[in-house]
Amino acid sequence: MSGLLAILWVIYLGAEDPAGLIATLVIGITDGAMFALVALGYTMVYGIIELINFAHGDVFTLGGFLGLPLLGLFGITSGTKFAWVYVPILVFVFVLVMGLNGLVNITIERVAYRPLRNAPRLAPLITAIGMSFILEGAMYLWRGPVSLRFPNLLPDTVASRFTSPAGHFGLNSGSTAAPLIDIGVKDVAVVISTVVLVILLSVFINRTKLGKAMRATAQDRDAAQLMGIDINRTISATFFIGAALAGAGGMIWALYFNSIRFDLGFTTGLIAFTAAVLGGIGNIEGAALGGLLIGIIRALNERYLSASWSDVVIFGILIMVLVFRPTGLLGMRVPEK
Amino acid sequence: MIATLRDPKRLRAKLRQWSRDPYMVVYGVLFVAAVIFPPLASFATGTSTLTGLAADAGVWVLLAIGLNVVVGFAGLLDLGYAAFFAIGAYTYALLASAQLRSSPLHQAVHLPFWVLLFLAMFVAASAGAILGAPTLRLRGDYLAIVTLGFGEIVPRVFRNDPGHWTGGINAIGGIDQPTIPVCLDGPWSQGDDFKLQFGAVNCSFSLSDPTAYYVLMVILIIACVILVTNLQISRLGRAWAAVREDEVAAAAMGVNTRNIKLLAFGIGAAFSGFGGAYYGAKLSLVSPDNFDFTVSITVLVMVVLGGMGNIPGVILGALAVYFLEFKFLTDLPRNAAALANQVGLQGLLAPNAATSWPGLEDFVGRLNFLVLGLILVLMMLLRPQGILPSRVRAQELKAEGAADDTVFDARAGQT
């Protein structure tokens, strides 16, 4: 019902000011793609060991923090602009960051979660919060409270530009020239790289042996163990992949917004978690869908309502979803006792 | 009780019994320390700054005792505890300052502190009940996330200042100081000149002399400790323990789990609102920045460090974390610089920076997050029962396999 109202509202907005709505949707989809990358890590880890990996948002930030000095190794500083020669370097750094991030997350799992695997549920959750603070503290100690400037390596050029007619309801008729909509190469690059990563992930989960082991472990850990699956290795692999995706997300975020701060991961992580819950926690397609929806909701809210309320709206959605539809849009797991 | 006190023999027996009880020893030491602290601190430093700090520490003790009811007794993880603290503080700030004159109400309200202390408690408890009623059926970790979301929403709402009620980022300043009730400071007080005094202790509340705040805080804490201890050993306390250990079994035994959990949530929130009202009065300024996630986590660290479910442990944990965060780490750069200068290291400094050690202050200022995180992780991994383990817990740890599915004993089942 409320979804229907929201869709009607969006249609009304579109009829009134198509250019503004499309521009907003572009922002929303781009942001949503980044949230989806982070949400995937939450949902995978939750799917396999039923832990809300609180430190995941900070692992996401860590991706950007690791990427900056690695780019610096190749002589890319904050002033560097886009050039084709940087593309292979960028890809290489991406892979490196994803790997390093994965290793960090495996270490976290080994140190803080594995010893508590048979403990009551709240114990690993508390260490996860502790880990989140440790990561944030380490990044704070490393780079301080300032926003780091990130090189603007993605091209600023416009991918496609088209004019749009004035609003149908005549409210927008004051403007004489038809407004322009710009879709930047940046946005396209972000969405494409996310789609590529999600496709790779889905192939990995559905087609490889390790992916099969993961699905089996998520379904029934004891039975999987009886079938000869190395549980610890499978869980480590899940943490590695989740962190690799988050690291890529952190890099993409930093490249897109050209700035990153040590505490970025707290709010972003919570928003991404909301996305995972909205899509249905434990469900990979759900996380991607939830990420996109949350991105679009946020962008709509920022344009048509108020940016200072967007976190309130998102966290409100989180509470509402958990209260009224704990399974999310696509999920099957029930977060109730 | 009176009979025990009259009879020296029984009194001696009672004292001997208490001296064997580690809890009573901790309480006794804490009480004596609380009584001798203000004169000692003002004698040592010549000012009452330390007493003011101790009164602030008391707010945290109160918060930790309250969170302990939720986390320790009932086993519900509340990550948005600062929200109730904020609600309490804002209740006091709005109803005891000129803030509402600039709100749509156009009328400043100045209710007395003693009324608002309980009103703030009630408002915070209601907020806890309203949040808890629909969400308490969620599983523990989801409940934690819901409370976290709530804890993020509340300060943001205060900051966004809907309808110009809360002052937004400008905060609410000029909040009324408490006054001694008329029954103590009545017609015989001869106007404003009179100050209720016990010896050298000035008993009026002022920003310059925090002694009265300190005394009030000690009284509040004593009252709360008695209250919570009685709650713990009451029917309700046993029901909380049952729900914490095994909710299904508790429900099967006829415990109304939803109401029991709601009560824990509401009582915890009430403590937080209580502390919030006091905090608003003490600081005379309430700003949305004072209630962020770090506050909730700091209180959680206090509870985890002290030992969940264990009141004297939690008090010690709160004092230890407060000292570490707000005294030791803040003073560390100055002290380290003084030490370095004393042992003759100032020759190493660049001549233009002869007074302070560059980078040290910055470095220490950045340690907070790391320290909090390390305490949480290390405590959960190495000593999940806390620095002062609860008696019940110690017994349960002895009984083999009894503590298989509990909140505190994180390593049970591993051995």
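Basis of the calculations
- Once a new chain begins, its residue numbering starts again from 1 and follows that chain's sequence as written.
- Chains carry letters from A onward and ligands carry numbers from 1 onward, assigned in written order.
- Residue-level local features of this predicted model are given only where pLDDT is at least 70; pairs of side-chain atoms are given and counted only at 80 or more, and the full residue set underlies all totals for whole chains, interfaces and linings.
- Secondary structure follows DSSP: runs of H or I at least 4 residues long count as helices, runs of E at least 2 residues long count as strands, and numbering of each begins at the N terminus.
- Any residue with 12 or fewer other C-beta atoms within 10 Å of its own C-beta is exposed, any with 20 or more is buried, and the rest are partly exposed; the C-beta atoms used are placed from the backbone.
- We call two residues in contact when the distance between their C-beta atoms, placed using the backbone, is within 7 Å.
- A set of buried residues drawn from Ala, Val, Leu, Ile, Met, Phe, Trp, Tyr and Cys, joined through C-beta atoms within 7 Å, is what defines a nonpolar core.
- What a helix should span is 1.5 Å times the count of its residues minus one.
- What pLDDT conveys is the predictor's confidence in a given residue, as a value from 0 to 100.
- The classification used treats Ala, Val, Leu, Ile, Met, Phe, Trp, Tyr, Cys and Pro as nonpolar, Asp, Glu, Lys and Arg as charged, and all other residues, Gly among them, as polar.
- Comment: axis = line fitted to C-alpha atoms, over the contacting stretch for helices; angle = value between 0 and 180 degrees taken between N-to-C directions.
- Our angle categories are set so that under 35 degrees counts as roughly parallel, over 145 as roughly antiparallel, 65 to 115 as roughly perpendicular, and the remainder as oblique.
- Each crossing gets its handedness from the near helix: less than a right angle anticlockwise from the far helix is left-handed, clockwise is right-handed.

Q: Account for the overall build of chain B, with residues named and values stated.
A: Tallying secondary structure elements over chain B gives 16 helices and six strands in all. Buried residues in chain B amount to 44% of all 415 residues. Relative to all contacts within chain B whose residues are 6 or more apart in sequence, the contacts with residues 24 or more apart total 74%.

Q: An account of the overall build of chain A is needed here, citing residue identities and associated values.
A: Along its length, chain A carries twelve helices and four strands. Viewed in the frame of its principal axes, chain A has a C-alpha envelope of about 70 × 55 × 40 Å. Here chain A holds 337 residues, and the buried ones make up 49% of them. Considering only contacts within chain A whose residues lie at least 6 apart along the sequence, 78% involve residues at least 24 apart.

Q: Just give me the short version of the nonpolar core, but keep the residues and values in it.
A: Ranked by internal contacts, the top residues of the largest apolar core, which has 219 residues, are A64(B), A264(B) and L376(B). Residue contributions to this core peak at 16 residues, all from helix 2 (residues 18-49) of chain A. Beyond its immediate chain neighbours, meaning those up to four positions away, L376(B) contacts I126(A), T127(A), I129(A), G130(A), F133(A), V301(B) and V304(B).

Q: Hey, could you go over helix 12 (residues 293-306) of chain B for me, with residue numbers and the actual values?
A: For helix 12 of chain B, built from 14 residues, the straight-helix expectation of 20 Å at 1.5 Å per residue is met to within 8% by its first-to-last C-alpha distance of 20 Å. Taken across its 14 residues, helix 12 of chain B has 13 buried, putting it largely inside the fold.

Q: Lay out helix 2 of chain A with the relevant residues and their values.
A: All names here are of chain A. With 32 residues, helix 2 should reach 46 Å at 1.5 Å per residue; the first-to-last C-alpha distance of 45 Å fits that figure. By the criterion of burial, helix 2 is predominantly enclosed, with 25 of the 32 residues buried. Backbone geometry just after helix 2 places E50 at a positive phi near 55°.

Q: Can you lay out the confidence of the model for chain A for me, pointing to particular residues and giving the numbers?
A: Fine structural detail should not be taken from predicted coordinates in areas where pLDDT scores are low. Residue and element names in this part refer to chain A. Of all residues in chain A, 91% have pLDDT values of 70 or greater, and the mean over the chain is 85. For chain A, per-element mean pLDDT is lowest for strand 2 (residues 158-163), which scores 65, and highest for helix 9 (residues 231-257), which scores 93. The model gives residues 166-177 a pLDDT under 50, and that stretch makes 16 contacts with residues more than four places away or in other chains.

Q: Run through the interface of chain B and chain A, naming residues and quoting values.
A: Note on interface size: it is often stated as the accessible area lost on association of the parts. Counting from both sides, the interface comprises 42 residues of chain B and, opposite them, 40 residues of chain A. Secondary structure elements with two or more residues in the side of chain B that touches chain A: helix 6 (113-135), helix 7 (140-160), helix 12 and helix 15 (368-382) of chain B. Of the residues that constitute the side of chain B that touches chain A, the class distribution is 25 nonpolar, eight polar and nine charged.

Q: Tell me about the packing of helix 5 (residues 81-95) of chain B against helix 12 of chain B, and name the residues and values.
A: All names here are of chain B. Where helix 5 contacts helix 12, the two axes come as close as 7 Å, and the packing angle between them is 115°. Taken together, the axes of helix 5 and helix 12 lie roughly perpendicular to each other. Crossing hand, helix 5 versus helix 12: right-handed. When helix 5 is examined against helix 12, the residues Y81, A82 and F85 are found in contact with a partner set consisting of V295, S296 and V299. Residue composition of the contact of helix 5 with helix 12, by class: five nonpolar, one polar and no charged.

Q: Kindly report on unusual backbone geometry, identifying the contributing residues and their values.
A: In this structure, N258(A) takes a positive phi of about 60° despite not being glycine. Of the residues examined, N258(A) has 16 C-beta atoms within 10 Å and is grouped as partly exposed. The phi angle at A171(B) is positive, at roughly 65°, despite the residue not being glycine. As for its position among the elements, A171(B) is in the loop between helix 7 and strand 3 (172-173).

Q: Which residues make up the confidence of the model for chain B, and what are the values?
A: All names here are of chain B. When pLDDT is averaged along chain B, the result is 82; 81% of the residues meet or exceed 70. The lowest-confidence element of chain B is strand 4 (residues 197-198), averaging 48 in pLDDT; the highest-confidence one is helix 5, averaging 94. ipTM for the predicted complex: 0.85, alongside a pTM of 0.86.

Q: Lay out the environment of T4(B) with the relevant residues and their values.
A: Residues and elements named next belong to chain B. Following the sequence through the fold, T4 ends up in helix 1 (residues 2-6). Using a count of 12 C-beta atoms within 10 Å as the deciding quantity, one classes T4 as exposed. Spatially, the C-alpha atoms of T4 and K14 are 7.9 Å apart, while their sequence positions differ by ten residues.

Q: With reference to specific residues and values, describe the environment of G47(A).
A: Residue and element names in this part refer to chain A. On the secondary structure map, G47 appears in helix 2. Taking the C-alpha atoms as reference, G47 lies 8.7 Å from R215; in sequence the two are 168 residues apart. When sequence neighbours within four positions are dropped, the list of residues in contact with G47 reads A218 and G282.

Q: Could you give an account of the packing of helix 5 of chain B against helix 7 of chain B, with specific residues and numbers?
A: All names here are of chain B. One can describe the packing of helix 5 onto helix 7 by two numbers: an axis separation of 7 Å at closest approach and a directional angle of 30°. Between helix 5 and helix 7, the angle falls in the class roughly parallel. The two elements helix 5 and helix 7 cross, and the hand of that crossing is left-handed. Counting all contacts with helix 5, which are made through Y81, A82, A83, A86, I87 and Y90, the residues of helix 7 involved are F150, G151, V154, P155 and F158. Residues that form the contact of helix 5 with helix 7 fall into these classes: ten nonpolar, one polar and no charged.

Q: Now, about the environment of R383(B): what can you tell me, with residues and values included?
A: All names here are of chain B. Relative to the helices and strands, R383 resides in the loop between helix 15 and helix 16 (391-398). According to the C-beta neighbour criterion, R383 is partly exposed, with 15 such atoms within 10 Å. Along the primary structure R383 and V304 are separated by 79 residues, whereas in three dimensions their C-alpha atoms are 9.5 Å apart.

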